[in-house]
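If you want the building blocks of each chain, they are given just below.
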Amino acid sequence: LRRCANRMVEELHATLETDGVTLYGRTRDFSPHGVSLMLEGSPRLEESAFGKLTLRSHEDVWCERLPVRITHSRKWLRASGRSSCVGAELHSPTDDQSSRWMECVRRLGLEVEV
């Protein structure tokens, strides 16, 4: 992720589908280019792997099955067990998928660079 970009802390439910595995967790923060996730368990995710990301709140789905590329993956040991901190950025989205991502970014109040 582009760490110098404006970022917004927001916790949403996250589902990441990659290599036939579905991983669950929460978002940590967002930028206009991607998202940082804390995933349950200790999944083995390679940098540059691809997946599909779904984000939802308790009330509604923010975006569904957006194509992402893993930018980093680090294992964490927490009191609640093992987790992975994963960065993901939108990868080759269709116009519709890009619009849905930008709507998420706007909902968070982040400024979108045009």
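Our subject is the structure that appears above.
Since the model is a prediction, treat every value here as computed from it, not as a measurement.

Let us now look at the environment of Arg69. Note that Arg69 resides in strand β6 (residues 61–78). Arg69 sits 51 residues away from Thr18 along the chain, and the two C-alpha atoms are 9.9 Å apart. Here Arg69 is in contact with Ser48, Ala49, Phe50, Gly87, Ala88, Glu89 and His91, once residues within four sequence places are set aside. Among the polar contacts listed, one links the side chain of Arg69 to the side chain of Glu89, at a separation of 2.6 Å.

Our focus in this paragraph is the pattern of salt bridges. Applying the stated rule across the entire model yields five salt bridges. For Arg65, the salt bridge identified is with Glu17, shortest N-O distance 2.6 Å. Of this pair, Arg65 sits in strand β6 while Glu17 sits in strand β2 (residues 13–18); the two residues are 48 residues apart in sequence, bridging distant segments of the chain. Taking relative accessible area as the criterion, Arg65 reaches 39% and is therefore assigned partly exposed. Note on Glu17: relative accessible area 27%, which makes it partly exposed.

Turning our attention to the state of the cysteines. What the rule picks out here adds up to zero disulfides. For the unlinked cysteine Cys104, the closest cysteine sulfur is that of Cys63, found at 3.9 Å.

Pairing analysis gives two bridges linking strand β1 (residues 8–9) to strand β3 (residues 21–31), with the strands arranged antiparallel. Bridged to Val9 within β3 is Asp29. Hairpin connection from β2 to β3: two residues lie between these consecutive antiparallel strands, with Asp19 at a positive phi of about 50 degrees. In this sheet, strand β4 (residues 34–40) lies alongside β3 in antiparallel orientation, the contact comprising six bridges. Residue pairing in the sheet places Arg26 in a bridge with Met38 of β4.

Looking now at the nonpolar core. Of all hydrophobic cores here, the largest spans 26 residues; its most connected members are Leu16, Phe30, Val35, Leu39, Leu53, Leu55 and Trp101. Only β2, β3, β4, β5 (50–56), β6, β7 (81–90) and α1 (95–107) provide two or more residues apiece to this core. Sort the elements by how many residues they give to this core and β6 lands first, with five residues. Excluding its chain neighbours within four sequence positions, the residues that come into contact with Leu16 are Val21, Thr22, Leu23, Leu39, Leu45, Gly51, Lys52, Val68 and Ile70.

What counts and how
- The numbering scheme is per chain: residues are counted from 1 as the chain's sequence reads.
- With the structure being a predicted model, the display of local features is reserved for residues of pLDDT at least 70 and the display and counting of side-chain atom pairs for 80 or more, all residues being used for whole-chain, interface and lining totals.
- Calculation of side-chain values draws on the structure's entire complement of heavy atoms; hydrogens and water are dropped beforehand.
- For helices the rule is a DSSP run of H or I covering at least 4 residues; for strands it is a run of E covering at least 2, with both sets numbered from the N terminus onward.
- In this description, contact between two residues means that some pair of their heavy atoms is separated by no more than 4.5 Å.
- Whenever two N or O atoms come within 3.5 Å, that pair is a polar contact, provided that in protein one can donate a hydrogen and the other can accept it, and provided that, for residues adjacent in sequence, both atoms are side-chain atoms.
- The salt bridge definition used is simple: a Lys or Arg side-chain nitrogen within 4 Å of an Asp or Glu carboxyl oxygen.
- The classification of residues rests on relative accessible area computed with a 1.4 Å probe and restricted to protein chains. Under 20% of the type maximum is buried, over 50% is exposed, and intermediate values are partly exposed.
- Working definition: a disulfide is two cysteine sulfur atoms within 2.5 Å of each other.
- At least two DSSP bridges between two strands are needed for those strands to be called paired.
- Only buried residues count toward a nonpolar core, which is a set of Ala, Val, Leu, Ile, Met, Phe, Trp, Tyr and Cys residues joined through side-chain atoms within 4.5 Å.

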